[in-house]
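Structural overview for review
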Amino acid sequence: MRNSRRGAVDPFIVMDVMEAARQAEEGGRHIIHMEVGQPGTAAPQGARDALAGAMSQGALGYTVALGIPELRTRIAQLYGEWYDVDLNPSRVIVTPGSSGAFLLAFTALFDAGEKVAIGAPGYPSYRQILKALSLQPLDVQTAPENRLQPVPDDLRALDFDGLMVASPANPTGTMLDAPAMGALIDLCREKNAAFISDEIYHGIEYEAKAVTALELTDDCYVINSFSKYFSMTGWRVGWMVVPEDHVRKIERLAQNMFICASHASQVAALAAMECHDELEANMAVYRANRDLMISGLPKAGFDKFAPPDGAFYVYVDVSAFTQDSRAFAGEILAEAGVAVTPGLDFDPVRGHQTLRFSYARSTADIEDGLARLQRFMAARGFV
Ligand SMILES: Cc1ncc(COP(=O)(O)O)c(C=O)c1O
């Protein structure tokens, strides 16, 4: 059978780690999961109840392509609640996760061969989806002194048609404050490049509230999801906010690509938005876990990292211990029973000397995982 070149995207290495962890568990070992990038908690009870009610009442057929109007209105209201931004619900598009939003955004904004700049380290699927759409990802190496976020000086000399940022970011958890994001938006305006802001970790922030690009400009695409703060990864529902004059184009693409996001998940998502107490209880766990990580990782010798502003990851420079993060992650799994993610997924150039630790699971797991990491590193003479 024929094969396309654009379909030859790279695998997600974290999936290989998850498979190795699964095999170890099958063999009877107890593994602490610091590799997975998702909440260990279920969708909020209110969301599950709403879906149970809807299931007993109706067919849950297709919805309109842009999403059920009540959900679009409720999402627009969230921008008032979280950021004091007055958002017209007509600009909100409900999507099959933020992953579905990337497909729509990249297709709506760029023609084949155009270049989209992305910060490295960054979420790997940006690069792979761009490639699969015959677009050119342009990895921009970010600097530790900028907390691994892109700054205009990293980009000024480059030729690109779009810039994708994430704040808080995966794998670092670092954020762009308003001046930093504003400077990137200004640069994009100068270069006539589209500015796309992945805000999937909003709500999971610790010291300061995350800034949405919509506080600074209407001339941007903002992508978000119910996966993280709302604890609904497998439900595959997210959203995107686009300029008014892009809505109809996105609608036509969405009609043809997806028809609609899952109706069942849209019902659940709408109810999840009222489950404040349960979601804040999840936040209390992340907050406790983050404190444990910030104090516990250095005791295991892992002290080269920027404390995360949001999300539930710590991205550590492990160059003092290895030049092969994949093999090192394999040894940590085999000897310590802790699954962690090598940085190669996020940064093909420098990721051989970094690891990402996720603290999305229970606090008891984080305590156990840190103790195991400390023993492992002590046995190697690293601490
Ligand atoms: C930065 C970032 N964006 C997007 C996604 C995809 O999320 P979803 O498609 O579940 O909304 C992830 C998943 O981990 C992520 O870390």
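Residues numbered from 1 in each chain as written. Predicted model: local features only at pLDDT ≥ 70, side-chain atom pairs only at ≥ 80, totals over all residues. Heavy atoms only, no water.

As for the overall build of the chain
When helices and strands are counted, the chain shows 12 helices and 12 strands. For the chain, the C-alpha radius of gyration of 21 Å lies close to 21 Å, the compact-globule estimate for 383 residues. Along the longest, intermediate and shortest principal axes, the C-alpha atoms of the chain span 60 × 55 × 50 Å. Taking all 383 residues of the chain together, 53% fall into the buried category. Restricting to contacts in the chain with at least 6 residues of sequence separation, those with at least 24 account for 74%. Accessible area for the chain stands at about 15800 Å²; split by element, carbon and sulfur atoms hold 51% of it. Seen as two clouds, the 33 positive and the 48 negative side-chain charges of the chain have centres 5 Å apart. (Helix = DSSP H or I, 4+ residues; strand = E, 2+ residues; numbered from the N terminus. Rg over C-alpha atoms; globule rule 2.2 N^0.38 Å. Buried < 20%, exposed > 50% of the residue type's maximum accessible area, 1.4 Å probe, protein only. Contact = heavy atoms within 4.5 Å. Areas by Shrake-Rupley, 256 points an atom, 1.4 Å probe, with all protein chains shown as cover. Lys, Arg positive; Asp, Glu negative; His and termini not counted. Charge placed at Lys NZ, Arg CZ, Asp CG, Glu CD.)

Observations regarding the side chain of R356
Note on placement: R356 falls in strand β12 (residues 354-358). The side chain of R356 is buried and forms no salt bridge, while D345, the nearest opposite charge, is found at 7.1 Å. Separated by 2.9 Å, the side chains of R356 and N170 make a polar contact. The contact partners of R356, leaving out residues within four places of it in the chain, are M34, E35, V36, G37, N170, P171, Y313, V314, Y315, V340, T341 and F346. (Salt bridge = Lys/Arg side-chain N within 4 Å of Asp/Glu carboxyl O. Polar contact = N/O pair within 3.5 Å; in protein donor to acceptor, adjacent residues only side chain to side chain.)

Some thoughts on the packing of aromatic side chains
Evaluated as defined, the whole model comprises 23 aromatic pairs. Relative to Y123, the ring of F12 lies with its centre 6.4 Å away and its plane at 70°, an arrangement referred to as edge-to-face. Of this pair, F12 sits in the segment before α1 (13-26) while Y123 sits in the loop between β3 (115-120) and α5 (124-132); the two residues are 111 residues apart in sequence, bridging distant segments of the chain. Under the relative-accessibility criterion, F12 is labelled partly exposed at 26%. Residues F106 and F110 carry aromatic rings whose centres are separated by 6.5 Å and whose planes lie at 40° to one another, so their mutual orientation is tilted. In this structure, F106 and F110 share a single accessibility class: buried. One aromatic cluster in this structure is built from Y79, W82, Y83, F226, Y229, F230 and W239. Directly above the aromatic system of W82 lies the positively charged group of K209, at a separation of 4.6 Å from the ring centroid. (Phe/Tyr/Trp six-rings, centres within 6.5 Å; stacked < 30°, edge-to-face > 60°. Lys NZ or Arg CZ within 6 Å of the ring centre and 35° of its normal.)

Focus: the pairing of strand β4 (residues 136-141)
Note: β3 against β4, six bridges, orientation parallel. In the strand pairing of β4, K115 is matched with Q136. For the crossover from β3 across α5 to β4, the handedness is right-handed. (Pairing = 2+ DSSP bridges. Right-handed = clockwise from strand over helix to strand, strands pointing away.)

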